[in-house]
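Coordinates in review
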Amino acid sequence: MIRDILVDGAWGPSSGVETFQAVNPLTGDTLPAQFPISAWDDCDRALTSAAKAFEFLRETPSDRIAAFFDRYAESLQEHADELVAQAHLESGLPATPRLRDVELPRTINQLRLAAEAVRDGGWRLPTIDAAANIRSYLAPIGPVCVFGPSNFPFAFGAVAGGDFAAAIAAGNPVIAKAHPLHPETARMLAVLAVEALRDAGLPSSTVQLLYHLKLEDGERLVSDHRIAASAFTGSKPSGLRLKRAADGAGKLIFLELSSTNPVVILPGVLAERGTQLATEFCDSALMGGGQFCTNPGIVLLLASEPTEAFIRDVSQQYQARPAGRLMSAGVVAALNASVATLRTAGAALIAEGCAADTAAFTHANTLLRVSASDWLGQPQTFQTEAFGNASLFVVAASVAEASEVLRALEGNLTGCIYSAKDGSEDADYDALAHVLRPRVGRLLNDKMPTGVAVSPAMNHGGPYPATGNPHFTAVGIPASIRRFTALHCFDNVRPHRLPACLRD
């Protein structure tokens, strides 16, 4: 059975001749459904249909778009059991609490927040210079292609996640490119999305779904003259290839690529509550097999006895806790390669647990250590992202040396500093935060970075290579909506011809 693709408001066969199948990562069993690898003709038809849908959407009352989000959110709630079961089957992520109690409710909430933002309209940032009779606002930009990631089938997925919600909230149609690890989950979401579109009176081609593409067709898609923007969450090599194609055609593309999310832990706070922090760190670093874009991959410590006690405690927990269950053979291979790179550069293996015997794709919890002086000798190599349940501890001799490590950091999504609660380390905090702040999108104090709240104030972005553009966030409505807009200006336009939000 080969699944149909969703193009131009209808489910139908792909023009592609190659197929693939998802794999249950807990058992290694190939799942029965076959999915097409789309040929360019599928992309071409989707682009033409999206362009037509945009002409309708740009004139559509906002209450219809809000109604779509409301109905879609209700549908996800109504079909939660089936969706969670399928996502668990394809991703291996725990059905509960991860998918059922955390990720799916977050996704539903995100859709409802999009509905509120559409009704409010504040994301348009209307600006009126009455004296000069010049007015401007943010308007929808055109068809958007969304590439979903492997690690969040709902919250960041191509057919329900943050990029999807932001693009449609702005009034743009979406061509969703599902992740091949969970294609049936994407198909089930798309079925519900089309039903919600029809209930809301929007064109069914507002949402289209392709399961997989050859990379060259992906490059062609993001650079096509009919596409306005793209959003990609995934591996750095694939994302940069798409970026080069989009940049070459003058097309917007928003990327989430790579982040080691440095955590600085000062000795004073370790003396206060080192054992508690060890558990807090392990909970964050090993959650979900470490397969989070905000996983704390690098921990910067200052040489001291509390630091050594902390390292011993974390080492023991890494060895004792269950090994990570990873989502695919590719994730396992990439993690093995990253750990090998770090060890070849000089990082010492200080803890390695046992591989799980109950999962097809697994990796032992891995803890590495290196001195700050050695780290500074090869900063690029030691910032290799080990996506999964592996962490690197960097031990500095002084605050000054720790500051040099922070100065050598690439851009990251998050950065965190833990310091003593009695204020004795405030001066050290100030010195380190001054260096760290411009290198991360979100700065945390006394809190691990795992988890991204859907809040208007959230920034899930950061300097390259965390993202391709540090000015925008992938999470947080209404700010995330503004990525998929264009600034429209009206100069001396007669009042009755102005958009409603720009009239006196």
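Here is a short report on the structure shown in this document. What you see is a predicted model, and the numbers here were worked out from it, not measured in a lab.

1. With respect to helix α11 (residues 329–345)
- Here α11 spans 24 Å end to end across 17 residues, near enough to the 24 Å set by a 1.5 Å rise per residue.
- Listed in full, the buried residues belonging to α11 are V331, V332, L335, S338, V339, L342 and A345. Projected down its long axis, α11 shows its buried positions confined to an angular sector of 160°, all on one face.
- If you follow the buried residues of α11, they end up packed against β16 (362–363), β17 (366–371), α13 (379–382) and β18 (390–396).
- For α11, the side-chain oxygen to backbone nitrogen distance between the N-cap and G330 is 3.3 Å, and the N-cap itself is S328.
- Immediately beyond the C-terminal end of α11, within one or two residues, lies G346, with a positive phi of roughly 125°.

2. Thoughts on the sheet that holds strand β12 (residues 263–265)
- The sheet built from seven strands is open, its strands ordered β15-β17-β18-β13-β12-β19-β20 with mixed pairing. With partners counted over all chains shown, the strands left at the sheet margins are β15 (348–352) and β20 (440–445), one partner each. Taking the axes of each pair of neighbouring strands and ignoring which way they run, one obtains an average angle of 20° across the sheet.
- Judged from the five bridges that link them, strand β19 (residues 412–418) and β20 form a sheet pairing that is parallel. Looking at β20, one finds that I417 is bridged to N445.

3. Here's the deal with a negative patch on the surface
- Together, E272, D422, D426 and D430 make up a region of like negative charge exposed at the surface.
- Within the fold, D430 resides in helix α15 (residues 426–436).

4. Some remarks on helix α7 (residues 215–222)
- Taken together, the buried positions of α7 are D217, G218, E219, L221 and V222.
- Looking at the packing, one finds that the buried side of α7 touches α1 (40–57), β7 (144–147), β10 (229–233), α8 (236–248) and β11 (252–256).

5. Some points on the sheet that holds strand β5 (residues 127–129)
- What the three strands build is an open sheet, ordered β5-β6-β21; its pairing is antiparallel. Each having just a single partner strand, β5 and β21 (485–491) make up the two edges of the open sheet. Taking each pair of neighbouring strands and ignoring which way they run, the sheet shows an average axis angle of 20°.
- Of the strand pairs in this sheet, β5 and strand β6 (residues 134–140) are connected by three bridges, and their pairing is antiparallel. Residue pairing in the sheet places D129 in a bridge with I134 of β6.

6. Digging into the pattern of salt bridges
- The tally for this structure, following the rule as stated, stands at 23 salt bridges.
- We note a salt bridge from R45 to D42, for which the minimum N-O separation is 3.1 Å. Placement of the pair is R45 and D42 together in helix α1, with a separation of three residues, close to one helical turn.
- For R45, a relative accessible area of 34% corresponds to the partly exposed category.
- A salt bridge links R369 to E308; the shortest N-O distance between them is 2.8 Å. Of this pair, R369 sits in strand β17 while E308 sits in helix α10 (residues 305–320), and the two are 61 residues apart along the sequence.
- It is possible to trace a salt-bridge network through shared partners that takes in R71, E74, E78 and D199.

7. Observations concerning the environment of M1
- Structurally, M1 is set in the segment before β1 (5–7).
- Once the C-alpha coordinates of M1 and A80 are considered, the two residues, 79 residues apart in sequence, prove to be 25 Å apart.
- For M1, the residues in contact, after removing those within four places along its chain, are A33 and Q34.

Thresholds applied
- Residues numbered from 1 in each chain as written.
- Predicted model: local features only at pLDDT ≥ 70, side-chain atom pairs only at ≥ 80, totals over all residues.
- Heavy atoms only, no water.
- Helix = DSSP H or I, 4+ residues; strand = E, 2+ residues; numbered from the N terminus.
- Expected span 1.5 Å × (residues − 1).
- Buried < 20%, exposed > 50% of the residue type's maximum accessible area, 1.4 Å probe, protein only.
- Arc of directions from axis to C-beta.
- Contact = heavy atoms within 4.5 Å.
- Polar contact = N/O pair within 3.5 Å; in protein donor to acceptor, adjacent residues only side chain to side chain.
- Pairing = 2+ DSSP bridges.
- Axes fitted to C-alpha atoms, helices over the stretch in contact; angles between N-to-C directions.
- Patch = residues over 30% accessible without salt bridge, like charges linked within 9 Å, V, L, I, M, F, W, Y side chains within 5 Å.
- Areas by Shrake-Rupley, 256 points an atom, 1.4 Å probe, with all protein chains shown as cover.
- Salt bridge = Lys/Arg side-chain N within 4 Å of Asp/Glu carboxyl O.
- Lys, Arg positive; Asp, Glu negative; His and termini not counted.
- Charge placed at Lys NZ, Arg CZ, Asp CG, Glu CD.

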